[in-house]
Structure formats: C-alpha cells, structure tokens
Amino acid sequence: MRRSHEPIAWSLFGAGGMLLAFIGPGLVLTTALLPWLAAGDPHATHAAIGALLAHPLGKVLVLASIALPLFHTLHRIYHGLHDLHLRAPRLPMQLLCYGGATLLSAITAWWLLLV
Amino acid sequence: MTDKVTVRVQRYRPEEDAAPWEQSFEVPYSEDLSILDALNQIKDQQDPTLSHRWSCRMAICGSCGVMVNNEPKLSCKTFLRDYREQGAVTVRALDNFPIERDLVSDISGFIDHLETVQPWLIREQETAVSEGAYPQTPEQMQRYAAFGQCINCGLCYAACPQFGRDPAFLGPGALALAQRYNLDSRDQGAAQRMQWLNAEEGVWSCTFVGSCSEVCPKDVDPAAAINRGKVASDINYAVNLFNILRGKDDA
Amino acid sequence: MRKPYVQRQRADWWLRNPAYRRYMLREATALPLFLYSLLLMSGLYQFTRGEAAFLAWLELLRSPWLLALHGMALAAALYHAVTWIALVPKILVIDSDRLRVSPATVKRAHQLGAVTCNAGLLLLALLLLRAAGGN
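Residues numbered from 1 in each chain as written. Chains lettered and ligands numbered in written order. Predicted model: local features only at pLDDT ≥ 70, side-chain atom pairs only at ≥ 80, totals over all residues.

A few points about unusual backbone geometry
Residue and element names in this part refer to chain B. For Asn69, which is not a glycine, the phi torsion comes out positive at approximately 45 degrees. Relative to the assigned elements, Asn69 resides in the loop between β3 (65–68) and β4 (71–74). With 17 C-beta atoms packed within 10 Å, Asn69 lands in the partly exposed category. Positive phi, close to 70 degrees, is recorded for Asn70, a residue that is not glycine. For Asn70, the position within the fold is in the loop between β3 and β4. (Helix = DSSP H or I, 4+ residues; strand = E, 2+ residues; numbered from the N terminus. Buried ≥ 20, exposed ≤ 12 C-beta atoms within 10 Å, placed from the backbone.)

What follows is the structure in structure tokens.
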C-alpha cells in the first residue's frame, strides 16, 4: 500500500476546524452586525478595519481566518461528494477542491499585501 | 398469555434466488426472548431451511451479528421486548458484507484486513520462553485495554459507510486492533504497522462518521482508535518529509 | 456451489438512519461556511479598492440574501463547534506517565475556550467599533 498524502489536507482541515469552533460563531455574528455597528460613523469603521489590516499581525490573523476555514470546508465538501457517490475521477476533484483552497488563499494573501 | 410477535427474516438461497427477499414468521412472545431465541424457534419449529450463525449466546463469540431494524446488533443480546413499540422486527444479514445464505455473511474481507495489520506482539528480538513473560504494569495495560475487547463480530464494518463504499478500507475493527498493539508497552511493531495506517486504505479512508463506536457491543470505540492513528500517521508523514529533505526516504 | 450475494452501497445510504443523517448534516455545515469565507474575501477585495467601495459593501451586507447567508453560517458554525468539540477528546488523548487528563476535562476545557474566544471576539469588535464611532 502506498503512503497517502492526506495528512497535508487533514492537518489544514483540523486547524481550520479548530479555528472555526473557537471563533466561527463570533466572527459570523460580528460581520452580520457590522453595517449597524458602523452606521454611526462609517469612516471611523473603515479606518479601524484599515488599522487591523495594516498591522502585520492583523494580516496574519485575517489570512488565517479566511484560508484555514477554506481548507476545512473544501476538505469536507471533497469527502462529502465522495460519500454522495459523485461519479468523478479523484484527481480532478482533488485539484478543484484543494487547488481551489490554495488559489483562494493565495489571492487573499495578495489582497492583504495590497492594503 | 400466548402473545405472538411478527419477525420478518431476510432469506437468500443461492441455488434458487437471484436476490434476497423477506419472509414473515409469527413467534410466541415472552419478556426474555432474544432475537437469537426467535431465530432458533423459527428454525427448530417452523422452517429448518433457515440459516443463521450463533454459538455462545452470551456476547463473547461474536458470530451472531445481524441487522435488526437496519441496525447492526448481536442477536443474542438484542431482545424483542425492546422493539414492541415499533411493531414488526426485521432481521437481515449484516450490511456491507456479501451474503452467503439467509443471515449468514461472508466476513472474510474483514478477517483478511485483521491479518494485514499484524495484530500480535512484535519484538525486535524475541526472548526465549524460559526467560519468562514480558512484564507490564496495570497502568500500561490500561492504555490499550479498551481496544483489546474486540470479539471480531463485524458489527462495526456493517455500520461503516466508508467500508461499504470501498471494501479495500482496512476498517474499524482491524485499525482498532492495530492501535491496541501499538499502545501495548510490550510491543515494538508500531513502525512496521505504520505503513498500513499511512495508506489511503488505512486510517485515511475514515471520515469519523462514528457509527462503528455506537454499534460496538464491547465498547471498543474504534473511531477513537482510528483517529488517534491519524495523529500518529500525520506525525509520521512530517518526520518522513524531514527525512526526505535530509536525503533519506523511507519510500 | 457458492453464489454470495454482493450488497452494494446505495447513493442514498445516509438517509437510512438518524446517525448517518446527523453525520451528513455535520459535513454539510461546510457549505454555508465556505460561502461565508467567500463573502469575507469579497469584503477584503472591496477594501483594497478604497473607502467608497468598502462602504458600499457594508451597505450590501444589509440585503436579505446576505442576512440569510449570515443566519445559515451562524447556525452551521454553532453546530460545527458543538460536534467538533465533542470529538476532540477522542483525538487529543493526554495519557502519559507525567501527565494524565481525563477526556471529560479535555472536552470541558475546549468548550470553555470556545465560549470565551467567541464571546471575546464579539465583545472586542463591539467595543472597538463603538470607540471608532466616537460614542
């Protein structure tokens, strides 16, 4: 039997899952309320978020909060489609799911560098 | 009181049937009637052609596993009284295994997987019997004791959708037993077993459905064993990557 | 003569019992959470385009569709958190000669940590934005 490369996917899935359990509900509630919280002074909100995104630590935290859940959810979607008997060859599906998560994470990192 | 209860039994006679079908029997009900008692009553009093496996009647031999109302159960420790509210009881051969005849499953796929993981004490150097047993403290035994309770009944395989999807998956029972030996202080075979855990057909086919642990009649918790195996395989993968970078590959 | 009947798994296997349906629901939490990550990405993108674009995105968040997505993502995140932490003690086993922590303690510690972090994040966001709003 050949060594599986699943450990890479599983580690990222695990990190994303733990992160989502610890900050997922809080983060979703925050962005859900954001338009109302910002209503008083939208410019100040923009500036506050800008300060977060300008700081290197802020960039890392935002990247983690987007990239790790992407790997987590796309890992589950990949296996879920297999569970549902989706008739698709493995390799293209892996490219789509894990390649997709990698690409979206890279784009996120790029945008963070632009800020 | 001559209360009767309906038991629907799956039949499959390879000589004449193309596919399994269902036959209804009326069995005299009593409070202490197990599914196995009901099957024996049917075979002895009503239809001697019914085939089912059993031996010890006390949940230790692991041979009487069947699906009772779509759940894997040992028929000897499952009682009709617990199904009174659901009306009729349906008994089928275990899911995910080929059906040999009626309720008799061919579990050889599971047995082959068991042998694959080398479930015995592996020593780098065997010592002579005259030197005595390998000592172990009660605390050391406690670490694997739960995983050692397996009676090879196959219920976890019937409950595992990933084994149903792909029978090449080593499955809950075999991987729990691999973990049982890996956690045994007297064993030195963890590195040797790692190659099976590391494979796609090893721990990595598991998606932690968790049903194996729910149906286990011996509380072995194979799902926990497999997922601890994933952690071990994960670390092994990282170590191997590091070794490749240093120019050594375990291939 | 042997002629074993091979049982093949049906594509709708997961509808057959409640435990399988709960498993599929757990896996399905990934769908709204994936869309939510894309929403966060779109917000970041609008931020890179300047203040006006970002404030337009903020207004867009009031739309019923995105509120519905937020609602689904919140339900998914909560279900995910509960089911995830329930499984943590099976994977994170602390049982060595030096240190032994019971599975129940591992679970409680994670529950406490998750509640603290989630509430802390929300509180922090409220305080910072109130401060930023100057009221």
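Section: the interface of chain C and chain B
Taken together, the 19 residues of chain C in the interface contact 25 residues of chain B. Listed by contribution, the elements that provide at least two residues to the side of chain C that touches chain B are α1 (18–28) and α4 (64–91) of chain C. Per-class residue counts for the side of chain C that touches chain B are 11 nonpolar, 3 polar and 5 charged. (Contact = placed C-beta atoms within 7 Å. Nonpolar A, V, L, I, M, F, W, Y, C, P; charged D, E, K, R; others polar.)

What about the packing of helix α2 (residues 30–48) of chain C against α4 of chain C?
Residue and element names in this part refer to chain C. Where α2 contacts α4, the axes come no closer than 8 Å and their chain directions differ by 125 degrees. It follows from the interaxial angle that α2 and α4 lie oblique. In the packing of α2 onto α4, the handedness of the crossing is left-handed. Two secondary-structure elements touch here, α2 through Pro32, Leu33, Leu35, Tyr36 and Leu39 and α4 through Leu69, Met72, Ala73, Ala76, Ala77 and His80. Residue classes in the contact of α2 with α4 are distributed as 10 nonpolar, 1 polar and no charged. (Axes fitted to C-alpha atoms, helices over the stretch in contact; angles between N-to-C directions. Parallel < 35°, antiparallel > 145°, perpendicular 65-115°, else oblique. Left-handed = near helix turned anticlockwise from the far one by under 90°.)

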